[in-house]
Amino acid sequence: MLARLEENEPGIKWFRLWDKVFSPRTLEGGFWAVWRNGGAPGVDGETVRQFEEELKEQLQKLSQELRSGQYQPAPARRKWIPKLGTTEKRPLGIPTVRDRVVQAALKAVIEPIYEREFAPHSYGFRPGRGCREAVARVEELLKEGYTVVVDADLKSYFDTIPHEQLLAKLRERIADGKVLELIQRFLQAGVLEELRDWKPTVSGTPQGGVISPLLSNVYLNELDHAVAARGGQMVRYADDFVVLCRDGSEAEAMVSFLREWTSAAGLTLHPTKTRVVDWGQGQSFEFLGWHFERGHKWPREKSQEKLREVIRQKTRRTSGQSLEHVVEDLNRTLRGWFGYFGASVKSRLREQDQFVRRRLRAILCKRQKRPGSGRAQLAHRQWPNAWFAQQGLFSLEHGSCEYG
């Protein structure tokens with residue numbers, strides 16, 4: 001299969017894939033992919049660790065069920081995740097571990113087929129690509145003069161993908177009926193609300209499923225190439241994308257095309273969140289957690305608030321943990337955040353450092369049975385910035401535990 005892909009046979013259809021999906025070797029690889037990602041149990045309550053305890057028997061059973069046609073996916077466990085900065089929540093569908101293993105095996109078999117056809121400006125959930133590369137591409141295009149930006153938003157994309165149109169796109173490359181039937185079963189398995197109420201999934205591919213990101217990329221692949229054919233410089237990460245243009249008329253024409261294409265595809269371009277931004281004239285836009293404005297970039301406010309909320313959880317004044325333990329825990333978060341946002345303008349990083357130290361000073365005041373929120377001058381004098389550096393606290397501004 002891979003050899004034929006290397007030969008770049010155009011328009012090839014794949015007929016014999018099913019035996020590769022139920023192969024114990026493929027299923028085992030699928031399990032270890034699930035194991036690396038971890039995650040919560042599905043509706044059956046089985047954890048990844050419990051599945052691993054009887055791994056050989058579990059994989060043999062799955063292989064036999066798939067081979068005989070007895071395999072049936074369970075409904076996903078519905079969990080609602082708060083959207084930061086809003087009162088809205090987004091749905092997450094958590095499949096059972098055994099279903100995640102089968103999805104991972106299925107993904108391993110069909111992903112190479114589509115990787116050869118995906119556009120270079122598609123960065124989401126693809127091997128060797130990610131948010132950093134997408135952001136770097138946006139900066140490169142801005143420097144090249146593509147400064148009028150179509151800041152696009154697909155409304156509830158993962159929940160609204162039409163099943164029949166998605167399956168039609170899959171049939172363009174996959175002719176193995178059993179593989180297509182398995183994908184359809186996953187799409188239509190439904191969800192359990194509060195582990196009680198089953199609800200059908202008549203559209204969409206649930207966020208939380210292993211196969212969902214690949215299917216979402218398959219569905220938007222046509223749009224990727226259509227935008228490129230019209231001269232638009234698109235940068236897409238899953239359903240989050242921008243199209244960079246050289247002037248306003250080109251951008252407005254692109255917005256019209258996007259509305260036309262998404263409507264035909266059964267999707268909705270958000271009427272208020274989709275807009276044209278003239279970055280060259282000082283207007284701003286946000287993409288993948290970053291805020292772009294006046295030739296600079298820094299973490300958008302929602303990204304900063306998300307960090308502050310994590311810090312609040314780790315620095316409760318009533319916590320009985322030692323300061324050493326608290327600092328060690330904070331450093332894991334701060335280093336990870338710096339790994340992505342370290343290229344921000346320094347002032348925004350300095351603000352987060354100040355917030356962290358203020359929370360720690362409040363803990364220290366509490367332990368000395370003194371009032372205060374960590375803002376008082378006395379607290380600053382007793383525990384200056386250099387003192388926290390000596391305790392090994394990571395500084396976002398300096399990118400290390402040394403405060404210059």
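Look up: the structure comes first, before these words.
Residues numbered from 1 in each chain as written. Predicted model: local features only at pLDDT ≥ 70, side-chain atom pairs only at ≥ 80, totals over all residues. Heavy atoms only, no water.

Colleague: Help me understand the environment of serine 156, please; the structure alone is not making it clear to me.
Modeller: With respect to the helices and strands, serine 156 occurs in the loop between strand 3 (148-153) and helix 8 (157-160). Classification of serine 156 by relative accessible area gives partly exposed; the value is 42%. A C-alpha to C-alpha distance of 21 Å links serine 156 and glycine 130, two positions 26 residues apart in sequence. (Helix = DSSP H or I, 4+ residues; strand = E, 2+ residues; numbered from the N terminus. Buried < 20%, exposed > 50% of the residue type's maximum accessible area, 1.4 Å probe, protein only.)

Colleague: What is the right way to read the nonpolar core from this model?
Modeller: The nonpolar side chains of soluble globular proteins are, as a tendency, buried together. Grouped together as the largest cluster of nonpolar side chains are 109 residues, with contacts concentrated most on Ile110, Leu258 and Phe285. Among the elements that make up this core, the one with the highest residue count is helix 6 (residues 97-115) (10 residues). Dropping the residues within four chain positions of it, leucine 258 is found in contact with Val150, Leu223, Val227, Phe241, Val243 and Leu269. (Core = buried A, V, L, I, M, F, W, Y, C linked by side-chain atoms within 4.5 Å. Contact = heavy atoms within 4.5 Å.)

Colleague: Can you help me understand the packing of helix 3 (residues 24-37) against helix 5 (residues 55-68) in this one?
Modeller: The description of two packed helices rests on the angle between their axes and on the distance between the axes. Between helix 3 and helix 5, whose axes approach to 10 Å, the crossing angle comes to 125°. In terms of axis orientation, helix 3 runs oblique to helix 5. Viewed along their axes, helix 3 and helix 5 form a crossing whose handedness is right-handed. Across the interface between the two elements, Pro24, Leu27, Glu28, Phe31 and Trp32 of helix 3 pack against Leu55, Leu59, Leu62, Ser63 and Leu66 of helix 5. Per-class residue counts for the contact of helix 3 with helix 5 are 8 nonpolar, 1 polar and 1 charged. (Axes fitted to C-alpha atoms, helices over the stretch in contact; angles between N-to-C directions. Parallel < 35°, antiparallel > 145°, perpendicular 65-115°, else oblique. Left-handed = near helix turned anticlockwise from the far one by under 90°. Nonpolar A, V, L, I, M, F, W, Y, C, P; charged D, E, K, R; others polar.)

Colleague: Please clarify how the side chain of histidine 270 should be interpreted in this entry.
Modeller: Along the chain, the position of histidine 270 falls in the loop between helix 12 (248-264) and strand 8 (275-278). A distance of 3.2 Å separates a polar atom in the side chain of histidine 270 from the backbone nitrogen of lysine 273. In contact with histidine 270, other than residues within four places in its own chain, are Asp153 and Lys155. (Polar contact = N/O pair within 3.5 Å; in protein donor to acceptor, adjacent residues only side chain to side chain.)

Colleague: How should I be thinking about the sheet that holds strand 11 (residues 296-299) in this particular structure?
Modeller: The pairing of strands in a sheet happens through backbone hydrogen bonds and is either parallel or antiparallel. Across the sheet, 3 strands lie side by side as 9-10-11; this open sheet has antiparallel pairing. Each of the sheet's edge strands pairs with one partner strand only, and the pair in question is strand 9 (285-287) and strand 11. Neighbour-to-neighbour, the strand axes of this sheet turn through a mean angle of 30°, independent of strand direction. As defined by bridge partners, strand 10 (residues 290-293) adjoins strand 11 across 4 bridges and the pair is classed as antiparallel. Bridging across to strand 11, histidine 291 finds its partner in tryptophan 298. (Pairing = 2+ DSSP bridges.)

Colleague: Teacher, can you tell me more about the pairing of strand 1 (residues 76-82) here?
Modeller: Two faces belong to every sheet, and in a regular strand the side chains alternate between them. Pairing of strand 1 with strand 4 (residues 191-193) involves 3 bridges; the strand directions are parallel. Across the sheet, the residue bridging to alanine 76 is valine 191, located in strand 4. Of the strand pairs in this sheet, strand 1 and strand 2 (residues 89-94) are connected by 6 bridges, and their pairing is antiparallel. Among the inter-strand pairings, isoleucine 81 is bridged to a residue of strand 2, identified as arginine 90.

Colleague: Before we go on, may I ask you to explain helix 3 in this structure?
Modeller: Every α-helix winds through 3.6 residues per turn, so residues three or four apart in the chain are directed the same way. For helix 3, built from 14 residues, the straight-helix expectation of 20 Å at 1.5 Å per residue is met to within 8% by its first-to-last C-alpha distance of 20 Å. Residues of helix 3 that are buried include every one of Thr26, Leu27, Gly30, Phe31 and Val34, and no others. Angularly, the buried residues of helix 3 cover 145° about the axis, an arc narrow enough to put them on a single face. In helix 3, the exposed positions that point more than 90 degrees away from the buried face belong to Arg25 and Arg36. Against helix 2 (18-21), helix 4 (48-53), helix 5 and helix 6 lie the buried residues of helix 3. Glycine 38 sits one or two residues past helix 3 and shows a positive phi near 65°. (Expected span 1.5 Å × (residues − 1). Arc of directions from axis to C-beta.)

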